Structure formats: C-alpha cells, structure tokens
Amino acid sequence: MPFPDVRLASRPLHFLYLCDCSGSMAAQGKMQALNEAIRESLPGMVEVARRNPEARLLVRAIRFADGAAWHVERPTPVEELTWQDLGAGGVTAMGEALELAAAALRSPPMEARALPPVLVLISDGQPTDDFDRGLRALMGEPWGRKAVRLAIAMGHDADQEVLQQFIGPLASAPDASGPSPARPLQAGNASALARYIQWASTAVVGAASMPASRPAGMSSGHVPLPDLPPTVLDPADDVGPLVW
Amino acid sequence: MQWILPPGAVFDFEGAGGPVEVVRGLGGGSQGQVYEVEVGGERLALKWFLPACIARDRTLERRLGDCIRTTAPSEDFLWPLALLHPTPACTARLRTRSPGFGYLMELRPEAYVGAHEHLAGRLSISLRNVLRAGFFLADAFGALHLRGLCYRDVSIGNLFLEPGSGRILVCDNDNVGVNGQDPGGVLGTPGFMAPEVLLQQARPGTASDLFSLAVLLFRLLTRHDPLRGQMELAIHCLDEPARRRLYGEDPVFLFDPRDSRNRPDPIEHAAVLVTWPIYPRALQALFEQAFCAGLRDPGRRVRTGQWRSALARCLDARRLCPACGQEIFTEPAADGTGVCWSCGSPVPAGLRLQTPAGPVHAAAENEIHPHHVDPRRPEDLRTPLARVEAHPREPSLLGLRNLSPHRWSVELTSGARVALEPGRTCNLTAAVRIHAPDGPIAVLR
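Nothing here was measured: the structure is a model prediction, and the numbers come from that model.

### Side note on unusual backbone geometry
So, point 1. Along the chain, S107(A) connects to P108(A) via a cis peptide bond; the corresponding omega equals -20 degrees.
So, point 2. Note that P108(A) resides in the loop between α2 (94–104) and β4 (118–123).
So, point 3. Note the cis peptide between P108(A) and P109(A), where omega equals 10 degrees.
So, point 4. Mapped onto the fold, P109(A) is located in the loop between α2 and β4.
So, point 5. Although it is not a glycine, R223(B) sits at a positive phi angle of roughly 55 degrees.
So, point 6. Tracing the backbone through its elements, the reader meets R223(B) in the loop between α7 (206–222) and α8 (230–233).
So, point 7. Taking the C-beta count within 10 Å as the criterion, R223(B) has 23 such neighbours and is therefore assigned buried.
So, point 8. The residue E365(B) is not glycine, and still its phi comes out positive at about 85 degrees.
So, point 9. Within the secondary structure, E365(B) is located in the loop between β19 (358–361) and β20 (367–368).
So, point 10. Taking the number of C-beta atoms within 10 Å as the measure of exposure, E365(B) has 15 and is therefore partly exposed.

Below, the structure written as structure tokens:
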C-alpha cells in the first residue's frame, strides 16, 4: 500500500521581478537579453521549487516605464509560468513600481504566514518619478522590510545609488573588491545578466525557502545569501562586451 | 548553467589515471558543479568545486584525500573515488581563473530519486519501504561513525531513495571528516542542525549527526518536521532569526509528553496527525528521547543501533488490514488483535513465525533475515533467508519462500515432513515448524 496521501506543510514564497522597460532598454538588445535571461532561468527555478517541498514558489512581475503595471499579476506557481516578452519605451517610473510592489506585500492580500519574499529590481537608468516615496511605501510594509531585495544594474548608466537604497544600506563592508549581493550586481553583458538572474531565481530562492547547507563562518541576516555565481570565463570576456 | 568544464572537452587530470571526457553537466549547487564523465571506458560522476568553496574550506582537499584512502563505510554511500587536479596543460581550458580541483565518484543509478520527492508526496512508496529506508539510513550512519568519521551535513538534500526496495544512497560526502578533527567546511543545514550547532556552541560531529539523523528519520516517516507545531504558527516570516528560535533557542518536540506548547495544528500540520499514530509505541518513544532529552543533551541522543533495532522490529510486526489492505505496524493487544490506523477495522492476529529473535508476522513481503535465526548477529535487511509470499493464484494462501542456498525441511500439521529446496515456497497453513540449518522457525496460530 502506498504511503498515506499527505504532504509536508508548506509556506508561500513570493518572488517578484521589477523590470525597467524604459526606452533605453531597447538599445543594444538589452530588453531582449532580459526576456531571454528570465525565460532561460525558469527551468532551474522549477527544479529549485521541486527540491523545496516546504515552499510554494509564486512568481509575479512588474514592468515600469511611463508608469508601473503588472506584467504577471497573479502569484503564479513557477511551473505554470510562461514568460511573455517585455517591450521597451518611455521613461523610468521606478517609484511607482515600488508602490505597486508595496501594495502587493500588504497583508492582506499577502498571507499572514510566509517565507521571506524575494524582490529583484533590474534597471539600466535613473528613476524619473518620486523614487523616495515608492521606497518609503515599500519599507513601510513589514513584508517589504523582511524581503530579500536584490538589484541588477544593466550597463553602466544605471543609478547605483538608487539601487543601493533599494537593497538597503551596506551593513558591514564586505570585501570591497569583488561583487557582492549587498551591492547592485553589475551586468555588463548578456551572459553576466543571465548568470545573475539564474542565481537570484535559484540559489537565492533556495536560501529563502529551505536553506542549503550553511558554510561555517557565513554571515547571517534575515536570509543569509549564497555565494554569487562563479565568473565562468567566456571567450567574449577577452574581447570586451559584445552586446553593449 | 554555465559550466566550468566545457561539455565535450577531454582533460588530462592528475589522479584520473587516463583522459577524462566531459560528457555533460548534471547540476550545480553552492559548492560545485557535477558532471557525467567518461574515464577509461567507464561512466562516472565528477564534482568540480567552485573557487569560493575552496577558498572558504581550507581542509577540503585533505579531508577528501583521507576519505578516498579510508574507502566507503558501506555501499550506501556515493563515496569519493579519486581526487583530480588539473595539469598545467589543461588549466588554460578550464573556464575559471582559479583552476581548483574535483573528485570522481560513481554515477547515481536512475532508480534512486531525491528524498524530497517523498516529502512532497510525489513518490509512490510503501510504508514498508519507507521504514526500510530509515533502517538503511541508520545503518549507513552507524557504519560511518564506527570508522570514527562524521558526516556533518545530514539533510534531506543529500539522501536518495529507491522506492521499490527502500534502498538508499547518501550523496555529497565531501564534508565527511574525522570526528573532532578539522572543523570542516559546513555547519549543517538549518532545520536539521542540532541546537548546539545552530547556536554555534559546538562544531558538528557524530553527536550532532545523531540529532540530524533523528530529524531525517522523523521527516521520512511522518512527512513533517519534528519541531514545527503551534509555535510555528506564531511566526509570520519564517526567516533566519525565526528558524533560530524554533530550532535553537526554544525548540519543543511536537509530542513532548511534558511540554504541550508545540502540538501540531489540526489544519496546518495535518500530515503528522495522520502519520504519527501509524508507528508502534517503541518507535515513538525513541523519537521522544531524541527530541526531548536528546535535544539539549547530546549524550542522550538515540544511537544508530537503537534505530536499527526499533525499525527492524517494526517491520517484523507488519500486518495487512483485511478490510483496506493498509500496512499496520502497531503491536497487537494481548489477545493478538489490533485496529487499522487507516480504516478503523479490527485486524486479527493471523499467523506468526516464531524465530529465536522473536516473532515475525506472516504478511506478504515480510522477511526472515540471518539476525532472526541468530540473535547474536546485528540486524541486517540486505540478504533475506526467507520471504512470506501470497500464492500467485490464491492470494489468501500465504507461503514462505526459501531464499537461502540450503535445503530446508518442513514439519506439517499431519506430522509428515517435506523438503523445501532453495527458491521453493511452502504453504504456511499446513506447516508447524521449518527446520533450517541455522535454526528452527515455528508457525504460531
């Protein structure tokens, strides 16, 4: 006879992309690179969700340009998600996007009990609206404060300071040389972007749900973040960025 | 996934004894990437460590070398076979700035699936085979500890099950080391770590392995966590500080007889309310010891041998409910009867096989092992001497198949004796006693 049909109790884990869709994202194929990177990351995300029966991984996405709107509004189980292409055009209403995220993280509609949400902000520019108001709204929500907030800067025109404010102040200076998830992740080309998206949607999701084994001496926090992905040398790296 | 070793490439690694062809990438984790490789015509798995992991774990290379020299404690481990270092000639073709090192191990056979599939309820596995998996797990850790080694990172992620047999494989053995020596690279996995390790009052070792083993057994047997009851419901965001409280600062077992603060919630923790009553009191008592006295006092944790004995006895008590067919493991009452945990029907005593080590209920698939006929031997489920089987066309007729290499003699109710050749089955209804070279087995009614 089979084992009784019961399963491990689980909590929802909300994963939210906030994607910059301003006009500049159309340049040098950045918008397509982001669409591809997210699409490419989904099988890995499905696998992480399978391996963590304690978490129900639910994905949403906000796009922002002249205003902010839901790109994926329903908290969607990752195995059901098909990523529709984002298009670029307009300015950078990042503040409005944060307000939209804040409203989604309010309880209700947010469940009373959940795993720490993961927010990933991807931008190539500077906010054109009231960013501070958006950030205040987000940080005014308990789930906003508890969320793991990561930022990916696409290219070199992204406003690093604003992205750092989104992540939160650097608690202690991690070694200043290498990249750190406590600072905006600099994606200088399409392969670096894919690597960071993959990392955020798998390793970080894993850490926020059923944490992986803990290396001795790992810094703690609300959610100890895993190592960034290794820089896998690519022939493209030797000749400088190919795409932008 | 971006692979450090490009698929299709052939490397002359030092330590491999021949060229290593990278067939394909299998997966990657926080420590390294795993590949299927071909070496000397044989398919093996190769784990290549990430530079950050090597930098953090100074004793990794030495520990792996030690493990390879001591060889696997039992066949239940996917043990490191050889340490590989890049030669200067192939360093340039590794897609990383610091070449690092890796190790070879056997490929995991496809029939073995991650134990998380069982917890998620996606695996078709019988209660018998879950109990057998628990036995093999305790047995594997017993063999490891007997060698003076500790695992340090026992968790659901490192365990694989073969649902058809309950056999297991313990993977990711790169944190194994001599107990008490070398700090090792990991503290463990939250949810499985012993409280003293989580609170960083002690380093992981055999005592904390025993705690993690109890958690893993509880999860396999109940599909629930031993410390997540009503006290978890007060936690809104289950983050690191909350886990620290739940598993380290104020851990309370769900069924602690003296502290009822953390009982399962009937809705949120429904699984454990169904599964816990399935198990006999003796097994429940071991979990109480592991998660009450053993929670704070590492010296009072349940030893691997205790788990082995309790799980083996539990399998000996296995009966099938005549009404619903579900598997029953609780000890029968003094009059031999019991009640099915699943449908509530009465379960009659039925036939039992009296061995020198105690009775084994005659239910299809139950087995007689060497430890049953010679109680001095440690419990071992790998080489059964006999198995209870239903008649192929008459399922109500139970027989005992001789799986030993010797001819047995069966004493019948009529007083006559018949020979039972290896591989043949005798009808238990007609048998009084079975004479095997190792000892007699009486049929009790």
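### Topic: helix α6 (residues 190–208) of chain A
Residue and element names in this part refer to chain A.
So, point 1. Here α6 contains 19 residues, and its C-alpha end-to-end distance of 26 Å stays within 8% of the 27 Å for a straight helix at 1.5 Å per residue.
So, point 2. The sharpest bend along α6 measures roughly 30 degrees and falls at W199.
So, point 3. Counting buried positions over the 19 residues of α6 gives 19, a clear majority of the element.

### Some remarks on the interface of chain B and chain A
So, point 1. At the interface, 50 residues of chain B touch 37 residues of chain A.
So, point 2. Elements supplying a minimum of two residues to the side of chain B that touches chain A: α1 (51–56), α4 (115–119), α5 (127–146), β13 (186–188), α9 (240–249) and α10 (270–275) of chain B.
So, point 3. For the side of chain B that touches chain A, the element with the most residues is α10(B), which contributes 4 residues.
So, point 4. Residue classes in the side of chain B that touches chain A are distributed as 21 nonpolar, 20 polar and 9 charged.

### Looking at the sheet that holds strand β11 (residues 167–170) of chain B
So, point 1. Strand order in the open sheet made by the 3 strands is β8-β10-β11 (chain B), with antiparallel pairing throughout. Each edge of the open sheet is held by one strand with a lone partner, namely β8 (113–114) and β11 of chain B.

### What about the domain arrangement of chain B?
So, point 1. Parsing chain B into structural domains produces domain 1 (10–105), domain 2 (113–309) and domain 3 (350–444).
So, point 2. Domain 1 of chain B and domain 3 of chain B are separated by 47 Å when their C-alpha centres are compared.

### Description of the sheet that holds β19(B)
Strand pairing in a sheet relies on backbone hydrogen bonds, with the paired strands running either antiparallel or parallel.
Residues and elements named next belong to chain B.
So, point 1. Ordered in space as β19-β18-β27-β26-β23-β24, the 6 strands form an open sheet in which the pairing is antiparallel. Looking at the sheet topology across the chains shown, the edges are occupied by β19 and β24 (417–420). Neighbour-to-neighbour, the strand axes of the sheet open up by a mean angle of 25 degrees, direction not taken into account.
So, point 2. With 4 bridges joining them, strand β23 (residues 408–412) and strand β26 (residues 431–436) adopt antiparallel strand pairing. Within the sheet, the bridge partner assigned to L412 lies in β26 and is A431.

### Description of the environment of T304(B)
Residue and element names in this part refer to chain B.
So, point 1. Turning to its location among the elements, T304 is positioned in helix α12 (residues 304–316).
So, point 2. The buried category is assigned to T304, around which 21 C-beta atoms lie within 10 Å.
So, point 3. For the pair T304 and A140, spaced 164 residues apart in sequence, the C-alpha separation works out to 8.8 Å.
So, point 4. In this structure T304 touches A138, F141, G142 and H145, once residues within four positions along its chain are discounted.

### A word on the nonpolar core
One broad rule of soluble globular proteins: the nonpolar side chains tend to lie buried together.
So, point 1. In terms of nonpolar packing, the biggest core is built from 129 residues, with L137(B), I168(B), A214(B) and L216(B) touching the most fellow members.
So, point 2. Excluding residues that lie within four positions of it along the chain, A214(B) makes contacts with F287(B), A290(B), F291(B), R301(B) and V302(B).
So, point 3. Core analysis: the second largest hydrophobic core is formed by 79 residues, V148(A), A151(A), A158(A) and I197(A) among them.

### So, the packing of α5(B) against α12(B)
Residues and elements named next belong to chain B.
So, point 1. Between α5 and α12, the least distance of the axes is 9 Å, while the angle of their chain directions is 155 degrees. Comparing their axes, α12 and α5 come out roughly antiparallel. Relative to α12, α5 is oriented so that their crossing is left-handed. Contacts from R128, L131, R132, G134, F135, A138, D139, F141, G142 and H145 in α5 reach T304, G305, W307, R308, L311, A312, C314 and L315 in α12.

### A closer look at the pairing of strand β22 (residues 398–402) of chain B
Residue and element names in this part refer to chain B.
So, point 1. Counting buried positions along β22 gives 4 out of 5 residues, so the element sits mostly inside the fold.
So, point 2. Summarising the sheet, strand β21 (residues 386–390) and β22 pair through 5 bridges and their orientation is antiparallel. If you follow V388 over to β22, its bridge partner there is L400.
So, point 3. Note: β22 against strand β25 (residues 425–427), 3 bridges, orientation antiparallel. If you follow L400 over to β25, its bridge partner there is C426.

### Some remarks on α7(B)
So, point 1. Across its 17 residues, α7(B) extends 24 Å between first and last C-alpha, which sits within 8% of the 24 Å expected from 1.5 Å per residue.
So, point 2. One or two residues past the end of α7(B) sits R223(B), with phi positive at roughly 55 degrees.

### Details of the pairing of β11(B)
All names here are of chain B.
So, point 1. Neither face of β11 is exposed, since R167 and L169 on one face and I168 and V170 on the opposite face are all buried.
So, point 2. Across 4 bridges, strand β10 (residues 159–162) lies against β11 in antiparallel orientation. Paired with L161 across the bridge in β11 is I168.
So, point 3. Where β10 folds back onto β11 in an antiparallel hairpin, the turn is made up of 4 residues, including G166, whose phi is positive at roughly 80 degrees.

Conventions and cut-offs
Residue positions are counted from 1 within each chain, in the order its sequence is given. Note on labels: chains are lettered from A, ligands numbered from 1, in written order. Thresholds applied to this predicted model are a pLDDT of at least 70 for local features of residues and 80 or more for the giving and counting of side-chain atom pairs; totals over whole chains, interfaces and linings are not thresholded and use all residues. Secondary structure elements follow DSSP: runs of H or I of four or more residues count as helices, runs of E of two or more count as strands, with numbering from the N terminus. Put simply, a residue is buried when 20 or more other C-beta atoms lie within 10 Å of its own C-beta and exposed when 12 or fewer do; between those, it is partly exposed, and each C-beta is set from the backbone. Any helix carries an expected span of 1.5 Å times its number of residues minus one. Throughout, the bend at a residue refers to the angle made by two axes, fitted to the seven residues ending there and to the seven starting there. By definition, residues are in contact whenever their C-beta atoms, placed on the basis of the backbone, come within 7 Å of each other. When residues are grouped by polarity, Ala, Val, Leu, Ile, Met, Phe, Trp, Tyr, Cys and Pro land in nonpolar, Asp, Glu, Lys and Arg in charged, and all others, Gly among them, in polar. At least two bridges found by DSSP between two strands are what make those strands a pair. In this document the domain limits rely on a domain assignment from an automatic tool or a database. Axis angles are defined between N-to-C directions and span 0 to 180 degrees, where every axis is a line fitted to C-alpha atoms and, for a helix, only to the segment in contact. The nonpolar core criterion groups buried Ala, Val, Leu, Ile, Met, Phe, Trp, Tyr and Cys residues into a set whenever they are joined through C-beta atoms within 7 Å. Angles are sorted into four bins: roughly parallel if under 35 degrees, roughly antiparallel if over 145, roughly perpendicular if 65 to 115, and oblique for all others. Two helices crossing with the near one rotated counterclockwise from the far one by less than a right angle form a left-handed crossing, whereas a clockwise rotation gives a right-handed crossing.

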